[in-house]
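Each chain, written out:
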Amino acid sequence: MTSTERTTALESIAAEVRSCTRCRLSTGRTHAVPGEGSPDTEVVFVGEGPGQNEDQQGRPFVGAAGGLLTELIGSIGWQRDQVFITNVVKCRPPGNRDPETDEMAACAPFLRRQLEVLDPALVVTLGRYSLGTFMPGARIGQVHGQTRAVDPTTGARDAIAFAMYHPAAAFRQLSLKETMREDMTRIPDALIGARQGRDSRATTEPDPIGRTEPAVAAEAITTVEPPAVPQTASVEPAGAPDTDLAPAFAAAPDVEPVPEPTLMPADPVEPEPIVPADSLADDLTEVLASVDMHAIPHEPPPETDQMRLF
Ligand code: SF4
């Protein structure tokens, strides 16, 4: 799926959301809030539901909590329009009450379809209702800042979830703002881990979404290439990333034993004529004198790979 196709698909879903009457939340809304952001992103933030400002503007996270979310995204060098932001329910629950089970169930197909189109590597959950969708049974106080594999039935077919408090919680408990800031700093590494997991699980099967071009992500994340390992070395490079590649190595087929060579009787060897030591020293001096030492190439130091995710 190309970027243009993803944009078209997301706009089609948004149009359905805006005219949706599947649940009672449609009756009290000013505007439905489908979500917004880059169609090419690898990172999707999922909140709970629109608040008053979002309902007025038809855009997600534009009130005070949205301002904090935008600030937190900026704190790691990303920009808000480089990710996709949406909610579990797309219409405002009256009085900002919690969404009810049947309302979330009615709205779930929209989020699932958005995730199928975006195919994110990382889903950042904001608050307990989003957490319950992507990490069922988890408690935010215990898992914030942590990752879990996402159930593909959510629509995110190969992603990990990263748990965060809802930004609005930081206005009720000020200490959570610093907690959220610390959790946010872990997101770039979580994205890199998610990518490595996807790469290690990649098979020869064609991508059902059909995305071929690289997606986007974070700013100024630096990784250093591990030093090259000689072909004959049996020791893995120190500091190599811990990925799921190990099982692949473990499953590698056994190596066929090399047959022993058949020994043949040796032909009689003529002894080499003995060269006088002085003659060898003269030859060596002559060779060294003819070599331009500055012309001998030398190996450059390993380069640092600036992994610019955005
Ligand atoms: Fe439709 Fe979702 Fe809005 Fe309910 S909350 S009316 S299911 S878009």
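No experiment lies behind these values; they were computed from the predicted model shown.

S.K.: Describe in detail the overall build of the protein, supporting the description with residues and values.
M.R.: Counting secondary structure elements, the protein contains eleven helices and eight strands. The proportion of buried residues among the 310 residues of the protein is 31%. Within the protein, counting contacts between residues at least 6 apart in sequence, those at least 24 apart form 76% of the total.

S.K.: Could you give me a rundown of the sheet that holds strand β6 (residues 160-164), with the residues and numbers involved?
M.R.: Ordered by their spatial adjacency, six strands build an open sheet running β1-β3-β2-β4-β6-β5, and the pairing between neighbours is mixed. At either margin of the open sheet sits one strand with a lone partner, and together these are β1 (36-37) and β5 (147-149). Alignment of β1 against strand β3 (residues 84-87), held across two bridges, turns out to be antiparallel. Among the inter-strand pairings, glutamate 36 is bridged to a residue of β3, identified as isoleucine 85. Of the strands in this sheet, β2 (43-47), β4 (122-126), β5 and β6 are in contact with helix α9 (residues 187-201), which crosses β6 at around 165 degrees.

S.K.: Break down the nonpolar core for me, with residues and values.
M.R.: Counting 55 residues, the largest nonpolar core has Val44, Leu122, Val123, Val124 and Phe162 as its most contacted members. The element that contributes the greatest number of residues to this core is helix α4 (residues 101-118), accounting for six residues. Once residues lying within four places of it in the same chain are set aside, the contact partners of valine 124 are Val43, Phe45, Phe162, Met164 and Ile187.

Conventions and cut-offs
Residues numbered from 1 in each chain as written. Predicted model: local features only at pLDDT ≥ 70, side-chain atom pairs only at ≥ 80, totals over all residues. Helix = DSSP H or I, 4+ residues; strand = E, 2+ residues; numbered from the N terminus. Buried ≥ 20, exposed ≤ 12 C-beta atoms within 10 Å, placed from the backbone. Contact = placed C-beta atoms within 7 Å. Pairing = 2+ DSSP bridges. Axes fitted to C-alpha atoms, helices over the stretch in contact; angles between N-to-C directions. Core = buried A, V, L, I, M, F, W, Y, C linked by C-beta atoms within 7 Å.

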